[in-house]
Amino acid sequence: MKFENILVAEDHEVANLSLRITLEDLQLARPQHAYYCEIALSMIRKAGQDQRPYDLLVTDLYFEADGSAKQEPDGMELIKAAKYLQPGLKVLVFSAESRPVIIRRLYDEFNIDGYVRKARGDAQELKSALENLTKNRKYYPREFRSLATQENQHDFTEYDKTIVRLLAQGYAQKDIPAWLESNDMRPFSLSSMEKRLNLIKGAMGFTKNEQLVIFCKEMGLI
């Protein structure tokens, strides 16, 4: 497919310039720009009413609120609303967000078509992502694929997250069962809790609680 009508929702001028150059290099249509989520949504709505819907939305996740537009500075809400208005709209997220849990949510819950992280070398990755989207293929960033594989080695339950969260808060391992019991979270015996903790660490390839805590923080699990 060939993108003929592109909208970029991005409030940083440097990122806007990088996107424009990348689109021009790929001989794609010159995009329209919106600096606020609410304005981007209005443009999408009007384009649909004019029967000239956008083919592609490229958006950041986080927008700085400066008081000049009544809106929530949240790209996720923009994606959700845009998909509601135009279910077939292709969406590429270009953001500094690096937490795999957040990125996975974008694919699973918001049905985005591609994700590129703002970082060194992002221009080349933008090209790769756009080339995949023009071929009607989803694009997954390399670093996300490797981290997602690691996370999938264990399916964290709420019980698991609670144990790790308590460790992160400074609870001694021997004191966690009392907290679990007082909050009616079973199993709360020390042996059962330790067995579960060792199972998690074994699945993740960790030997220390500290390693598990750091990993869960980085993944946005706690």
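Everything numeric in this text was worked out from a predicted model, so none of it was measured.

**Q** For the pairing of strand S3 (residues 56-59), give the residues involved together with the corresponding values.
**A** Burial of the side chains of S3 extends over both faces: Leu56 and Val58 are buried on one face and Leu57 and Thr59 on the other. Note: strand S1 (residues 6-9) against S3, four bridges, orientation parallel. Residue Leu7 lies in a different strand from S3, and its bridge partner there is Leu57. Across four bridges, the pairing between S3 and strand S4 (residues 90-95) is parallel. Residue pairing in the sheet places Leu56 in a bridge with Lys90 of S4.

**Q** Help me get a handle on the sheet that holds S3, residues and values and all.
**A** Strand order in the open sheet formed by five strands is S2-S1-S3-S4-S5, with parallel pairing between adjacent strands. Looking along the sheet, the strands with just one partner apiece sit at the ends: strand S2 (32-34) and strand S5 (114-117). On average, each strand axis in the sheet is tilted by 20 degrees relative to the strand beside it, whichever way the strands run. Pairing of S4 with S5, which is carried by four bridges, proceeds in the parallel orientation. When the sheet's bridge partners are listed, Val93 is paired in S5 with Tyr115.

**Q** Describe the packing of aromatic side chains, and please don't skip the residues or the numbers.
**A** Applying the stated criterion across every chain yields a total of two aromatic pairs. Each ring, one from Tyr107 and one from Tyr140, has its centre 4.4 Å from the other, and the planes form 25 degrees; the classification is stacked. Of this pair, Tyr107 sits in helix H4 (residues 100-108) while Tyr140 sits in the loop between helix H5 (122-134) and helix H6 (142-151), placing them 33 residues apart in sequence. Relative accessible area serves as the criterion here: at 7%, Tyr107 is assigned to the buried category. Here the basic side chain of Lys118 rests over the ring of Phe94, its NZ or CZ set 5.5 Å away from the ring centre.

**Q** Give a detailed account of the environment of Arg137, specifying residues and quantitative values.
**A** Looking at where Arg137 falls in the secondary structure, it is placed in the loop between H5 and H6. For Arg137 and Asp113, which are 24 residues apart along the polypeptide, the C-alpha to C-alpha distance reads 7.6 Å. Contacts of Arg137, omitting those with residues within four sequence positions, involve Asp113 and Asn132.

The rules behind these values
- Residues numbered from 1 in each chain as written.
- Predicted model: local features only at pLDDT ≥ 70, side-chain atom pairs only at ≥ 80, totals over all residues.
- Heavy atoms only, no water.
- Buried < 20%, exposed > 50% of the residue type's maximum accessible area, 1.4 Å probe, protein only.
- Helix = DSSP H or I, 4+ residues; strand = E, 2+ residues; numbered from the N terminus.
- Pairing = 2+ DSSP bridges.
- Axes fitted to C-alpha atoms, helices over the stretch in contact; angles between N-to-C directions.
- Phe/Tyr/Trp six-rings, centres within 6.5 Å; stacked < 30°, edge-to-face > 60°.
- Lys NZ or Arg CZ within 6 Å of the ring centre and 35° of its normal.
- Contact = heavy atoms within 4.5 Å.

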